[in-house]
Amino acid sequence: MTTGQHRSAGPELGPEDDERLPSLAEQMADQLGGWRGLVESSIPVVVFVIANVLGELRPAVIASVAVALLIAGLRLAQRRPIRHAVNGLVGIAIGAAIAWRTGDERDFYLPGILYGIGYGLALLLSAAIKQPLVGWIWSVLVARGRSEWRDDPRLVRTFTQLTVLWGVVWLAKVGVQAGLYLAHQDTLLGVARLALGYPPYALLLLITVWVVRRVTRETTATPLPGA
């Protein structure tokens, strides 16, 4: 994966390592939690939107939190991974607490908007200082903690471009939600939260996995100078 003198400095990601990596589909399923994870993470928001349209804010908050707790408890009882359920529960609980306190249903979505702004800016900043966040996340989640990509200019450039793509898309989708929040479009905000949640994330993840695996194969297939 690296070139020159760096090739002997540590383990490199060769073709045999690439084969041991999870497949593209497996990596996608793990990060998204599979179809079940996608559905379960969306249910509490759907419950809140519907309950809030049909009734009042506080019953909607109670219903969404109860459903999130039920999903997490069910996964725990079935001894299934609860990482995605817990992440969703935390986000729902924070938004519900703020909305309960302020009495404004749009505040249910405020933590997600603020998180999205922070995440988007962090992505762009990491690219600007040549420490692309997508590259480091790849090291942790896919490359078993290895970071040899830092020694390969082509992979550094690839991860930097992907990080900028993630940051721009993240800020764009959160910008739509922020606009609806400021316009007091509560129901549309709920719809946007669902529509701009997993679909863009899944697409970005697919692009990232495909591009990095392709560049990695091309890099390992390139012979050393003078070899």
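Before reading further, recall that the structure is shown in the block above.
Parameters at a glance
Residues numbered from 1 in each chain as written. Predicted model: local features only at pLDDT ≥ 70, side-chain atom pairs only at ≥ 80, totals over all residues. Heavy atoms only, no water. Core = buried A, V, L, I, M, F, W, Y, C linked by side-chain atoms within 4.5 Å. Buried < 20%, exposed > 50% of the residue type's maximum accessible area, 1.4 Å probe, protein only. Helix = DSSP H or I, 4+ residues; strand = E, 2+ residues; numbered from the N terminus. Contact = heavy atoms within 4.5 Å. Polar contact = N/O pair within 3.5 Å; in protein donor to acceptor, adjacent residues only side chain to side chain. Salt bridge = Lys/Arg side-chain N within 4 Å of Asp/Glu carboxyl O. Phe/Tyr/Trp six-rings, centres within 6.5 Å; stacked < 30°, edge-to-face > 60°. Lys NZ or Arg CZ within 6 Å of the ring centre and 35° of its normal.

Ranked by internal contacts, the top residues of the largest apolar core, which has 21 residues, are Phe48, Val61, Phe108, Tyr109, Ile113 and Leu189. Among the elements that line this core, the one with the most residues is helix α4 (residues 57-77), at five residues. Every residue in contact with leucine 189, bar those within four places of it in the chain, is listed here: Arg106, Tyr109, Ile113, Gln177, Leu180 and Tyr181. With 18 residues, the next largest nonpolar core counts Leu155, Val156, Phe159 and Leu204 among its residues.

Residue placement: threonine 163 occurs in helix α8 (residues 153-182). Of the residues examined, threonine 163 reaches a relative accessible area of 0% and is grouped as buried. At 2.7 Å, the side chain of threonine 163 forms a polar contact with the backbone oxygen of phenylalanine 159. Apart from residues lying up to four places away in sequence, threonine 163 is in contact with Leu123, Ser126, Ala127, Pro132, Leu133, Val134 and Gly135.

Working definition: two side chains of opposite charge can pair if their charged atoms are close together. With the rule as written, the count across this model stands at one salt bridge. Where arginine 106 meets aspartate 104, a salt bridge forms, and the shortest distance between an N and an O atom there is 2.8 Å.

Our next topic: the packing of aromatic side chains. Across all of its chains, the model carries eleven aromatic pairs by this definition. A ring pair is formed by phenylalanine 108 and tyrosine 109, whose centres lie 5.2 Å apart and whose planes are at 90 degrees; its orientation type is edge-to-face. Sitting above the plane of the tyrosine 181 ring, arginine 106 keeps its charged end 4.2 Å from the centroid. Here the basic side chain of lysine 173 rests over the ring of tryptophan 170, its NZ or CZ set 3.8 Å away from the ring centre.

Function-wise, these values are silent; they only describe arrangement.
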